[in-house]
Structures are given as structure tokens and as C-alpha cells.
Amino acid sequence: MARGSRLAGTALAVVLAGAGLTVLAPTAYAVSSTYYVDPNGDDAADGRSPSTAWKTLGKVNAQTFQPGDTVGFKSGGQWSGQLAPKGSGTGAAPVTFTSYGTGAKPLIAGGGAVDVTVKLHNLHDVVVSGLEVTNTGAGTTPRIGIGVSATDAGAVPGITIRGNYVHAIQGATSGSQTSNPSAGGIIVSARGKSVPTYYQNLLIENNEVADSRSYGIVTWSQWMQREGWNYLWEDLMGIPRADYRPWTPSTGVVVRGNHVHDISAGGITVMQAAGALIERNRVHKTAQNHGNVGIWWAGTDDTLVQFNQVSGTKYWGLAADGTAFDADASAHRSVIQYNFSHDNEGGFFIAVSTGTGPAEATIRYNVSQGDANQVFALSTNATNIDVYNNTIWVPLTPFIRDHPDRGSFSLVKVWNSSVGSVRFRNNVIHNAANLPYNDSGKVVYDRNLFHQGPVPSRDKAALTGDPLLTSPGTATSITGLGGYLPTAGSPVLGQGLEIPFEGGRDTVGTALPSGMPDLGGLQRAAGPGADEAAAGAATTFGDGQSTTPAALTDGSDQATWASPSSGVTLPGSITLTYPSSRRVSEVVLATHFGQGQGITKLDVQTWTGSAWVTQVADATITWASNTATVERRAVTLPAAVSTTQVRLVVKAANRTWGNLSVNEITTR
């Protein structure tokens, strides 16, 4: 088409500012056009000023836009039908669809008559910002508010969906179609059978998505086959099983700052992605018409889920999800950290996969408050699940007390024999609901504090009693978690295992100490916040019972180091080498069967960089038992010392069986 004169970037900035457009102008070198759309406009006009604005969506859809072009819809205006533009931008000059003027967001209403209200197909480098979008009518056919799709397109870079209000999305009122991940508020799909298709730097941020009769926000792909997971839900997605192709993940996916609420099925779902970031979202009242989860991901590698607040997920039965978070099929190396989960009827977290792929997750420094049913549910192929330094607060709520399924509720539930490599460490667990734990050996419990309810018999280093937190159970938002801070007299202070690469900060941003942290999600005092590898360990004794010195600093009381059972000569030494200098006030030894194999006399030395200095000479240790219960004993230095190495010169030990042994050596 004849485009007429084009505005240089500097002139465009003036026009944008004068028109009240909500986007930034392109950079000064860009050449682009700005178009205006007003319900009282005229499609015969040139659309290049508010006074010569276009009128209809049809006029917009008929154009092919160029890099850097901006289309502004008048604030307060309303349009019915479908916005389906043509034309892509570049990374430096995207095509932008936004608002201009003041007042309410411009409304584009699909009315349930179109499959997608705002439809971006086979486009790249496009921004949709500041619109109100609906798509509902009298029917029940699942619809989409903002839909992004690409078919046999290869790499699709630079799609941004920002600051929109997407709501009133039509869907089924009952049955499985209420949980259709191909429909809902904001749906992004990669399709095709011949050219692997995936998104690059997809950004979905600061949108409000509400009142969707299916999902809230979803990304999914036909390019998803791996590890025996070969197709998606045929009855929902409408794609034959034979049309799926090998896993080709989207990269740079970010779902941030969205408010997703009042959703029939899942709130936020990311599938077929590598390195996705799901953060700072508020998700409330999902799974309102069908069993589902607040935030879940599948077919993913290295998903990071952080700073989210999830609440009000509805319970639909013991095996029907209802949790805040879910590492689902073929989910590798997920990290769930710094989140606040509360009042989810189905629980806090579930891991479940299919085929041969795992559901893996590290779950650290979160607060779960008032979550019910199975607070942690572990099902098919849940493996490498590491749960540490969380605060789990489970009161006896009316929902738990009065529910007919209460007898089957659990704090930790194992559903499947394929579950393995699950650890709970350094957690504070308040269990006034008296929910049981799986204690069959599928789950390793290590140095958690348990308050009320049962104590898993397999936690041989457990602490029990009131954690003496500031005002637990009272939080209403992720910004108000101070009630979970330990008080000055709390028994959780400085009692945790030192876990390598623990992220360097706690739930609320307090830097972690070098050495033993407090148990639970919040630290009372800040440390240097180093996010480091475990200390190296070496001994002069040699190794016995198929052990290695690495067990001394592995963040576990379960693994032990032992000397040989014969030929041990005293004195001998154990040396720890830290990745960086740390302040040491105490050295803490953890040992089981202490009366049979525990160290009883030692010197503590520190390294100056050129020489060893004895800080404590002939310190004596007395062990109280000769059982599998892990005891901890601290040797206090006369003054704190900064050092990169600590050496224990062992002068005496109980050697009932000929060897000496230590489970863990840490510092405070």
C-alpha cells in the first residue's frame, strides 16, 4: 500500500508524547509510523493523527505494519470482533499495539464469536500493551483472549504481552473442557510438523487475567516429544497424536508480575521451555471448576519459579491436584524459591511425571501457610526433590477439621513406587493439623524442626518444640512475612546444615551466613550471602567403610565419614578448606553412635595464609548415646577468626569398633 510520508524517530517521539501513547518511542535511528484508532474515526482517513484516526479493527487488520510502527487505540474506546494484524518488527524496532489518551484501557471484545480476540500468528517482535480484552458470549466453546501462535516458523523472537486486562473468557462450565490448556486468557503456542518452531525472549508481564473458563496464562508446543511423553491431551488440544514432533524448547521465556485470579483451571502454565523464569506473579482462586494447580510447568529444563504468591487453589479430591506449585511431566532441574503459598486447599507442591522423564525440583526458602490436603505430594517419577529451609505452617483449619477426606490428608504423601531421591532438610514444620508423613524410606528427613504432630522416625537429627517465631500464621501477602522471623530465643538459630549453592539469601532477602544457617525460611541475622560450593575435606586417617571425607561437608547428616577400623594412629587431623574466607566462632561436629566412634579430644586450628594457629587446645567432647540419633557438639573459639581453613587435630576418640567417625563438620 502507499504509506505516504514516514516520521523519523525524533519527530515520532513528539507525536507520541502529545497523543498520550503509553509506549516509548523507537530509538532515534528508526523510521516508523504511528497510527490511531478511534470508535468515532474514519477508515477512509490516513490514521496518522488522533484527528484522522481509523475506525475499525478491519481497517487495522488490512494493513501490513513495518518495524517500529505503533498502533494506538483510543483510551475508553470499545471495538467488537478480532484484532489480527499483519507485519513483524525487529528486536530494535518492534511493532506495537497499545493505547493513547487518558481513561480506561481500550476494550476489544470478541463476544465469543471469534476463536481469539487478539490474534498474533506467525509474527515476531510484536508488543501488545495496555488493552482490555474479553471473549465471551452465550456459548460454552473454549475461547482465547490474547493468542500468539506460530506454525512451522522456526525461531520466533521478541513477542511481548504487557500490561493488559484480559478477562471474561468463554469456556465450558463443567467437564474436562473447563481444564483445556489450549484456551484461556493469554495462550502462546508453537505448532507445525515440518519446521521446528519455538519462541525466543517471550515476555508476558504485568497483565491481569481473570474470569477465564479454562486457563489463565499458558505456553505450549507441538514440538514436545521426549522421554516417552509423546503427545498432549488429544481431546483438549485437537491435535492428532501422530502430529507431535521432537522436543524443541522455547528459550528466554519470562512470565512476570501478572495477577491471575478466578480461573476455572490452571493459573500459569509453561510447557516446552528451557530456562523459563516465572516470577513475582499473584495467583489466586484457580482450579475453581476442575482439578488443577496455581503455577505448573512441564517439558522444561531449568525452570526458575520465584517471588510468587499463590492462594485459594480449590480442592477436587485426593488425586486431583489443587496445589500452589507443580513440577510436572519431564521437568528437569526446577527451582522453586522465595514464594508465599497460602490457603491452597490441595496443598503446597506436587511433583508428577509420565513416560520415563523425571519431575525434579529444589524447593527452598519458601513459606507455606494454611495449605491443606497433601502439603507435599510426590507421584510418578518424582526424583531429585530437595526441600530445604522452608517454613511450613499447617494449622487445624476448618477445611481440614471438617473435610470427609481428612483421614487421607498428609503432610508428605508418596503416591508411587517410582519416587526417589527426596530430601527434607533444615525446614521448620508446624503441624497443628496432626497430618502424617510418609516415613517408609522413600523420603529422607534430616535436621528439621517439628512442632506438634508426629515426628518422622527417620529424621535422626530432628529438633522438636516451639520454634518461637515472631507471629507465625498471620501473613496476608508476600511482602508481610516478618511474622516468620525467629525470635532471639528461638531454638532454630544457627542449627541448620550448611548446604552448598543455597542461593545466598533467604525468603525475604536477608543474606545467608557462611556456616550453619537458621532453620526455616527466614534468617534472624544477615551474613555475607556467599553462594558457594561445599568446603573441601581431607584427613590423615584414610577412609573406611566405603566412605570419603566429602561426606563431612555435604550438607547431610545421613552420609558419614569413617576411618579404617584398624591401623588408626592418633593424633591425626581433619582439614576443611572453604571457597572463601569466613568468620568462625564455633566448630560443630555431628556424630551418631558417638559413644562408640565419636571424637572425644581435639585441638582446633585455623590457617592465617602462612601458618596454622591453635585456637583451642585439648577440647573435650562427651557423647550421650550410642544410637543412630545424631548428636551435635560445638567447640567454641575464644574469639571469632577469619580464615579459609580449619584443622581439627584429633587426639582421642571412642573406638569400640576400631574406627572413629563423623557425620558432618560445620561452623558458626
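Structure report, in brief. Since the structure is predicted, the reported quantities are computational estimates derived from the model, not experimental observations.

This part is about the overall build of the protein. Counting its regular elements, the protein contains five helices and 53 strands. Here the protein has a C-alpha radius of gyration of 29 Å; the compact-globule value for 668 residues is 26 Å, and the two agree. Along the longest, intermediate and shortest principal axes, the C-alpha atoms of the protein span 95 × 60 × 50 Å. Counting every position in the protein, which comprises 668 residues, the buried fraction comes to 57%. In the protein, 72% of the contacts between residues at least 6 apart in sequence involve partners at least 24 apart. Split by element, the accessible area of the protein, about 22,800 Å² in all, is 51% carbon and sulfur. Here the protein contributes 44 positive and 48 negative side-chain charges, whose respective centroids are spaced 1 Å apart.

So, on to the pairing of strand E28 (residues 295-301). For E28, the tally of buried residues reaches seven of seven residues, placing the bulk of the element in the interior. The pairing of E28 with strand E31 (residues 323-327) spans three bridges and is parallel. When the sheet's bridge partners are listed, Trp-296 is paired in E31 with Asp-326. Relative to strand E32 (residues 331-337), E28 is paired through two bridges, and the arrangement is parallel. The partner of Asp-301 across the bridge, within E32, is His-332.

On to the environment of Glu-498. Mapped onto the secondary structure, Glu-498 falls in the loop between strand E45 (463-464) and strand E46 (536-539). It is 43 Å that separates the C-alpha atoms of Glu-498 and Gly-185, two residues lying 313 residues apart in sequence. When neighbours within four sequence positions are excluded, Glu-498 is seen to be in contact with Gly-515, Pro-517, Gly-555, Arg-582, Thr-666 and Thr-667. Reaching out from Glu-498, the side chain makes a polar contact with the side chain of Arg-582 at a distance of 2.5 Å.

Let us look at the nonpolar core. In this structure, Phe-73, Phe-325, Phe-349, Phe-376, Leu-378 and Ile-385 are the most contacted members of the largest nonpolar core, which totals 86 residues. Apart from residues lying up to four places away in sequence, Phe-325 is in contact with Val-293, Ile-295, Trp-297, Val-305, Asn-308, Val-310, Ile-336, Asn-339, Ser-341, Phe-348, Phe-349 and Ile-350. In this structure, Trp-561, Val-584, Val-650 and Leu-660 belong to the second largest nonpolar core, which totals 28 residues.

Before going further, it helps to spend a moment on the side chain of Asn-258. By the secondary structure assignment, Asn-258 is in the loop between strand E23 (254-256) and strand E24 (259-263). A relative accessible area of 1% means that Asn-258 is categorised as buried. Within the structure, the side chain of Asn-258 is placed 2.9 Å from the backbone nitrogen of Asn-207, a separation counted as a polar contact. Among all residues touching Asn-258, those that are not within four sequence positions of it are Ile-204, Glu-205, Asn-206, Asn-207, Ile-217, Arg-280, Asn-281 and Arg-282.

Before going further, it helps to spend a moment on the pattern of salt bridges. In the structure shown here, the tally under the stated rule is 22 salt bridges. Measuring nitrogen to oxygen at the nearest pair gives 3.5 Å for the salt bridge that ties Lys-119 to Asp-115. Under the relative-accessibility criterion, Lys-119 is labelled partly exposed at 27%. We classify Asp-115 as partly exposed; its relative accessible area is 37%. Here Arg-582 makes a salt bridge to Glu-498, at a shortest N to O gap of 2.5 Å. Of this pair, Arg-582 sits in strand E48 (residues 572-591) while Glu-498 sits in the loop between E45 and E46; the two residues are 84 residues apart in sequence, bridging distant segments of the chain. Here the two residues Arg-582 and Glu-498 agree in accessibility, since each one is buried. One network of salt bridges, in which partners are shared, links Arg-226, Glu-227, Asp-301, Asp-302 and Arg-333.

This part takes up the packing of aromatic side chains. How two aromatic rings sit relative to each other is set out by the distance from centre to centre and by the angle between their planes. Inspection of the entire model under this criterion finds 23 aromatic pairs. Look at Phe-348 and Phe-376: their rings are 5.4 Å apart centre to centre, the planes differ by 90°, and that puts the pair in the edge-to-face class. Taken as a pair, Phe-348 in strand E34 (residues 347-351) and Phe-376 in strand E37 (residues 374-378) lie far apart in primary sequence, 28 residues in all. This pair shows no difference in class: Phe-348 is buried, exactly as Phe-376 is. Seen from their ring centres, Phe-593 and Trp-657 are 6.3 Å apart, and the 85° between their planes marks the pair as edge-to-face. Here Phe-593 is found in the loop between E48 and helix H5 (594-597), whereas its partner Trp-657 is found in the loop between strand E51 (631-653) and strand E52 (661-662), with 64 residues between them in sequence. Overall, Trp-657 belongs to the partly exposed group, its relative accessible area being 45%. Ring pairing ties together the aromatic residues Phe-325, Phe-348, Phe-376, Phe-424, Tyr-437, Tyr-445 and Phe-450, which thus form one cluster. Lying over the aromatic face of Trp-247, Arg-226 brings its terminal NZ or CZ to 3.8 Å of the ring centre. Above the plane of the ring of Tyr-338 lies Arg-505, whose end atom (NZ or CZ) is 4.3 Å from the centre.

Structurally, the position occupied by Thr-600 is in strand E49 (residues 599-607). Using a relative accessible area of 17% as the deciding quantity, one classes Thr-600 as buried. A polar contact of 3.4 Å, which involves the side chain of Thr-600, links it to the backbone nitrogen of Ala-653. When neighbours within four sequence positions are excluded, Thr-600 is seen to be in contact with Ala-619, Thr-620, Ile-621, Trp-623, Ala-652, Ala-653 and Asn-654.

Our focus in this paragraph is the environment of Ser-99. Summarising the element assignment, Ser-99 is placed in strand E6 (residues 95-100). Accessibility expressed as a relative area gives 5% for Ser-99, which makes it buried. Note: C-alpha distance between Ser-99 and Ser-129 (30 residues apart in sequence) is 7.5 Å.

Criteria and cut-off values
- Residues numbered from 1 in each chain as written.
- Predicted model: local features only at pLDDT ≥ 70, side-chain atom pairs only at ≥ 80, totals over all residues.
- Heavy atoms only, no water.
- Helix = DSSP H or I, 4+ residues; strand = E, 2+ residues; numbered from the N terminus.
- Rg over C-alpha atoms; globule rule 2.2 N^0.38 Å.
- Buried < 20%, exposed > 50% of the residue type's maximum accessible area, 1.4 Å probe, protein only.
- Contact = heavy atoms within 4.5 Å.
- Areas by Shrake-Rupley, 256 points an atom, 1.4 Å probe, with all protein chains shown as cover.
- Lys, Arg positive; Asp, Glu negative; His and termini not counted.
- Charge placed at Lys NZ, Arg CZ, Asp CG, Glu CD.
- Pairing = 2+ DSSP bridges.
- Polar contact = N/O pair within 3.5 Å; in protein donor to acceptor, adjacent residues only side chain to side chain.
- Core = buried A, V, L, I, M, F, W, Y, C linked by side-chain atoms within 4.5 Å.
- Salt bridge = Lys/Arg side-chain N within 4 Å of Asp/Glu carboxyl O.
- Phe/Tyr/Trp six-rings, centres within 6.5 Å; stacked < 30°, edge-to-face > 60°.
- Lys NZ or Arg CZ within 6 Å of the ring centre and 35° of its normal.

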